[in-house]
Structures are given as structure tokens and as C-alpha cells.
Amino acid sequence: MKRIPNSKPLLVSAILAILFSFNLSIPQLIQNSEGLPFNYVSESAAKSNPFYKSAADQVIYDYFPTTEKKDPNSNTNQMINQLIDSLIQEKVARPEICGDGQDNDGNGQIDEYCTVGDVPQGDDNNQSPPVVPEQEICGDGQDNDGNGQIDENCNVGDVLKTDSISSDNSVSQVNSKSADEKKSFDKFGVVKIYPTKKGGEQWYIKSDPNSDPRFSPQTTMTKNSDGSFKIKSTKVRMGVFTSSGFHPENIKTLNHNKIALAGYMQSPNDWKNVEITGYVKLNSGNNDNFVWYARGGRHTGFGSPEGCEGVAYKGGLFYSGATRWEKEQYHSGGYVFGEFGKNIGPIKGKWVGFKVIMYNVVQDHKTMVKLELWVDKNNNNNWIKAAEKTDKGGWGNSGRECGGKADQIITWGGPIAAFRWDGATNVDIKKFSVREIAFLS
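Residue positions are given per chain, counted from 1 along the sequence in the order it is written. With the structure being a predicted model, the display of local features is reserved for residues of pLDDT at least 70 and the display and counting of side-chain atom pairs for 80 or more, all residues being used for whole-chain, interface and lining totals. In computing side-chain properties, one takes all heavy atoms of the structure into account and sets aside hydrogens as well as water.

1. Quick word on the overall build of the protein chain
Here is step 1 of the chain: The secondary structure content of the protein chain amounts to six helices and 17 strands.
Here is step 2 of the chain: Exposed residues in this analysis have more than 50% of their type's maximum accessible area, buried residues have under 20%, and partly exposed residues fall in between, with area computed by a 1.4 Å probe over protein chains only. Burial statistics for the protein chain: of 441 residues in total, 46% are counted as buried.
Here is step 3 of the chain: Throughout, a residue-residue contact means that at least one pair of heavy atoms, one from each residue, lies within 4.5 Å. Long-range contacts, defined as pairs at least 24 residues apart, comprise 64% of the intrachain contacts of the protein chain with a sequence gap of at least 6.
Here is step 4 of the chain: Element-wise, carbon and sulfur atoms account for 50% of the exposed surface of the protein chain, whose accessible area totals about 22200 Å². A helix here means a DSSP run of H or I that spans at least four residues, while a strand means a run of E at least two residues long, and both kinds are numbered starting from the N terminus. The protein chains shown are the only cover counted for residues, whose accessible areas, like all others here, come from Shrake-Rupley with a 1.4 Å probe.

Right, dumping it as C-alpha cells:
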């Protein structure tokens, strides 16, 4: 019998030669293929695809994170990775790092295009960055700076107050002290609305997001010369885990009444009282919104039981500039919407900061959830509260689907906080973070 030689190595070499002759890279090809239609696949196969629509109900599955690592299984894969790395090193300029006094991008200028708020991000590692000592906040009864004293050097009249929304939905300043005296900044130089909980969970996007085991972007991210990232996928679901990681096998129940009694879905340090921050630049896209959310896990399935993991409070910034809170009682039929907040005007073509904050409060011996949505519409670290809502019951009527009350208040934490958007074909992002905030029960 005549022996037929293995032609796979020759075929791979030929394909690579063609790709590189056209100055293309593997990530570019992946991005260009995102618009292709999907064929029907099984439910188990769909769990590796965040954009899968079932043939039966055409439900879009929001989120399928995985903690598995994909290791090279052949010399061919290793060769491709090495070629891609060399191309990136040769063709991508190093970004300027603000504040280090060095000419990082090699253009003969030091710290060009930097503002006062641009600070170095520091070295990346697999640990959350250390908590920066907070400034003492007068009047909150907490030791914010961690020196063992409460409200030291404060006068009786120095009480922290925040922006409030008047009846006409405008933002009015009621601070008793100047804003500069109370500002505290995160590691990216972004103003914190609330201080980080001492020793609490926090996450910041890395300069190499693909090396972060706590981040599941589920899309191709291309680094820009200024250190920001470009995303061209039209369906984005980027998940962030706590330091405990995401382990669905540790979610013992999806009954919302039992989860509420425990106070968390997966682990005691699940994301609960959080401030989720990100700057976005919408380059192209229409008729949708950016949404930051937390207090649940994967958003998959429909109804009980699988869909009960997909519960969340979601703050939305529309491409038109409108703002609104929504509540997802289960995936994906349990939505209820709040009133529209302040409209900051169209956001296309400019950097806009967007914060979603949620925390529990107790009133008349009842636990409620305060929801705040803040925006930095001019990219100058001047944040205004654009929408707020308190879930004190009576909001929603689908909670019984997952064993809770019809208007179940989502008082518990969840293992995944997420950034999502649809319908945008070109978006730049930077300074993404999730922090557990302090002095809230």
C-alpha cells in the first residue's frame, strides 16, 4: 500500500506564509469573523459561546465564564504564538506612562498628553493591588485612614455629604466642604465616590488582561498606543471574579430565598457592596447602552433553575446619554426597569466615565439596596450623580420563579461583576475597576 505523507505541517506553513504576506495577525482574523452567523449547536456546546442563541427561544446567553486554562497542545500552536508575539513587539509602540518622567514611546517627548490625574499603574501581578490609605472622611464615624483614630482633625461641622438629585432631575451640590478636600483616588487616579473597604475585594484591569485569572473578557482586546484597549465585538460580556475565583460547583442552591438568608451566592466575599468604574469611548454604534452589573453569577438558561443564577442590578448608560437602573430577577425574562435619570447628551466620539454603585442599607429593621449611577461626562474627573433608586420592595413581580418573593430584593453578593454592551462595532476602554466599598453593612 502506498503511504501518504502527512500534509498538515506543510498546510499550516503555507497558511502562515499567506497571512504574514498580507500583514495580518490571528487576532485580526478572529475579529473579522465575529459577524458571521452561528450554526445550531447543543446546549452543552453553547456553554463555551457567550453569543449563542438557542433555536427554541432565541435567548441570548449573557455569560459563560470558564476558569480553565488553554495550554498549547502542539509544536504548531507554540510556533504560532511565538510568531504573533514577535509581530506585536515589532509593530505595536509602547504607550507613554504618565508620571514616570520617561520617554516610554520613544518619540522624544516625556509624559506628553498627560493630565494631573494620570498616574502610573504600577507592576502587574496576579494579586489585587494593595489598598491605598484612605483620607479621613469627617462625620462618617469610621477610621478611614487606618491610623486607629476616628474622625481625627475634624471640626464638628465637617460632615460628608454627596451630590443629590432634585425633583427636576438636576444635580445640585450640597457639600459643606470643598470637593478637593474630600477627594480620594483609586490606583488609576480616578475619584472614588466611596472609600474602599479596608482589606476588601478590589480589581483593576491589567496592562495585559489575558494574563489575569480573575478577568474573563470573552472577546479580543487590542492595546492602543495610549494604553487603552480597543474592542470591536458587537456583543461584549466581560466578567470579573473576586479573589476566590468563580467555582459554580460551590453554588449550593439557586433558590433566592435561601441565598438571601446566606447573604451570598458562592462565597462569603462575593461582590455585594461595590463601586464599578470604567471609561469608554464609543467610536461607532447606535441604539443600545453600556451596562455594569453585579450580585449574580452566569447569565444563562431561561427561568428556573439555570436562569436563577443570572440575577443582577444593572446600571445603564445609553449611547444617547440617557441613564437608567434595571433589575434582572432571573435570566432572561425577569426584567423590571426604573425611571430614566439625567440625560448627559450623546456620548459618541468622546471619553466618558461611568460608575455603578450598589450597597445595602437598613431602614426600619428592613434591608434595602441603594443604587447610584455616576458619570464623568467630560473626562475631567468631575463626577455627577445621574440616576439613583432604592429597592425597598414593590419593584418587580417575577421573583417567585426562583423561590423568592415576587418583588425579591437582591440583598446578597454574587461571584461575578460584569461590563457589557451590544451593538457597538468599535469601542475604546480604560481604567476599569471593581472595588468593595466601606462603612456599609
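Moving on from the model shown.
2. What to know about the sheet that holds strand S16 (residues 416-422)
Here is step 1 of the chain: Across the sheet, seven strands lie side by side as S4-S7-S16-S9-S10-S11-S12; this open sheet has antiparallel pairing. Looking along the sheet, the strands with just one partner apiece sit at the ends: strand S4 (215-216) and strand S12 (335-340).
Here is step 2 of the chain: Note: two strands are recorded as paired if DSSP finds a minimum of 2 bridges between them. Across four bridges, the pairing between strand S11 (residues 323-328) and S12 is antiparallel. Note that in S12 the partner of Glu326 across the bridge is Phe337.

3. A few points about the packing of aromatic side chains
Here is step 1 of the chain: For Phe, Tyr and Trp, rings pair up if their centres lie within 6.5 Å, where Trp contributes its six-membered ring, and each pair is then called stacked (planes under 30 degrees apart), edge-to-face (over 60) or tilted (otherwise). Taken as a whole and assessed by the stated rule, the structure comprises 18 aromatic pairs.
Here is step 2 of the chain: Where Phe302 meets Tyr330, the ring centres are 6.4 Å apart and the plane angle is 90 degrees; that geometry is what we call edge-to-face. With Phe302 in the loop between strand S9 (289-296) and strand S10 (312-318) and Tyr330 in the loop between S11 and S12, this residue pair connects regions lying 28 residues apart in the sequence.
Here is step 3 of the chain: Judged by its relative accessible area of 9%, Tyr330 is buried.
Here is step 4 of the chain: Think of it as a cone above the ring: NZ of Lys or CZ of Arg counts as a charge over the ring if it is within 6 Å of the ring centre and within 35 degrees of the ring normal. Its end group placed over the ring of Tyr279, Lys430 keeps NZ or CZ at 6.0 Å from the ring centre.
Here is step 5 of the chain: In this structure, Lys430 is placed above the aromatic ring of Trp351, and the distance from its NZ or CZ to the ring centre is 4.4 Å.

4. Some words on the state of the cysteines
Here is step 1 of the chain: Two cysteine sulfurs form what is called a disulfide whenever their separation falls within 2.5 Å. Under the criterion given, the structure shown has one disulfide.
Here is step 2 of the chain: Between the sulfur atoms of Cys308 and its disulfide partner Cys402 the distance amounts to 2.0 Å. For the disulfide bridge between Cys308 and Cys402, the dihedral angle about the S-S bond is near -90 degrees, and by the sign convention the bridge is left-handed. Of this pair, Cys308 sits in the loop between S9 and S10 while Cys402 is found in the loop between strand S15 (384-391) and S16, placing the two residues 94 residues apart along the sequence.

5. Some details on the pairing of strand S7 (residues 235-241)
Here is step 1 of the chain: With six of seven residues buried, S7 is to be regarded as a mostly interior element.
Here is step 2 of the chain: Of the pairings in the sheet, the one linking S4 to S7 comprises two bridges and is antiparallel in character. The partner of Phe215 across the bridge, within S7, is Val240.
Here is step 3 of the chain: In this sheet, S16 lies alongside S7 in antiparallel orientation, the contact comprising seven bridges.

6. So, unusual backbone geometry
Here is step 1 of the chain: Here the residue pair Ser304 and Pro305 is connected by a cis peptide bond, since its omega of 0 degrees sits within 30 degrees of zero.
Here is step 2 of the chain: Tracing the sequence through the fold places Pro305 in the loop between S9 and S10.
Here is step 3 of the chain: Looking along the chain, the bond that leaves His331 and enters Ser332 is cis, with omega of -5 degrees.
Here is step 4 of the chain: Looking at where Ser332 falls in the secondary structure, it is placed in the loop between S11 and S12.
Here is step 5 of the chain: Here Gln218, not a glycine, exhibits a phi torsion of approximately 55 degrees, which is positive.
Here is step 6 of the chain: With respect to the secondary-structure elements, Gln218 resides in the loop between S4 and strand S5 (222-223).
Here is step 7 of the chain: Located in the positive-phi region is Lys431, a residue other than glycine, with phi close to 55 degrees.
Here is step 8 of the chain: Mapping Lys431 onto the fold places it in strand S17 (residues 424-436).

7. A few points about the confidence of the model for the protein chain
Here is step 1 of the chain: pLDDT measures the predictor's confidence residue by residue and takes values from 0 up to 100. Mean pLDDT over the protein chain works out to 75, with 58% of the residues at or above the 70 mark.
Here is step 2 of the chain: Of the regions scoring below 50 in pLDDT, residues 22-61 engages in 60 contacts with residues more than four places distant in sequence or in other chains.
Here is step 3 of the chain: Low pLDDT, under 50, characterises residues 87-93; the stretch is placed with four contacts to residues that sit more than four places away or in other chains.

8. Some remarks on the pattern of salt bridges
Here is step 1 of the chain: We count a salt bridge whenever a side-chain nitrogen from Lys or Arg sits within 4 Å of a carboxyl oxygen from Asp or Glu. Scanning the entire structure with this criterion turns up 14 salt bridges.
Here is step 2 of the chain: Here Lys355 and Glu275 are joined by a salt bridge, their closest N and O atoms 2.8 Å apart. With a gap of 80 residues between them, Lys355 in strand S13 (residues 351-363) and Glu275 in strand S8 (residues 274-285) connect regions that are remote in the sequence. For the pair Lys355 and Glu275, one class covers both residues: buried.
Here is step 3 of the chain: The partner of Arg435 in a salt bridge is Glu275, with the nearest N and O atoms 2.9 Å apart. With Arg435 in strand S17 and Glu275 in strand S8, the pair connects residues that are 160 residues apart, well separated along the chain.

9. Some words on the side chain of Lys327
Here is step 1 of the chain: Looking at the secondary structure, you find Lys327 in strand S11.
Here is step 2 of the chain: The term polar contact refers here to a pair of N or O atoms within 3.5 Å; inside protein, the definition further demands a hydrogen-donor-capable atom paired with an acceptor-capable atom, and it admits residues adjacent in sequence only when both atoms are side-chain atoms. A polar contact of 3.0 Å, which involves the side chain of Lys327, links it to the backbone oxygen of Trp395.
Here is step 3 of the chain: Once residues within four sequence positions are removed from consideration, Lys327 is found in contact with Ala312, Tyr313, Gly334, Tyr335, Val336, Asp391, Trp395, Asp407, Gln408, Ile409 and Ile410.

10. A word on the environment of Asn286
Here is step 1 of the chain: With respect to the helices and strands, the residue Asn286 is situated in the loop between S8 and S9.
Here is step 2 of the chain: Sequence-wise, Asn286 and Ala424 are 138 residues apart; in three dimensions their C-alpha atoms are separated by 6.6 Å.
Here is step 3 of the chain: Apart from the residues lying within four places of it in its own chain, the contact partners of Asn286 are Tyr319, Lys348 and Gly423.
Here is step 4 of the chain: Separated by 3.2 Å, the side chains of Asn286 and Lys348 make a polar contact.

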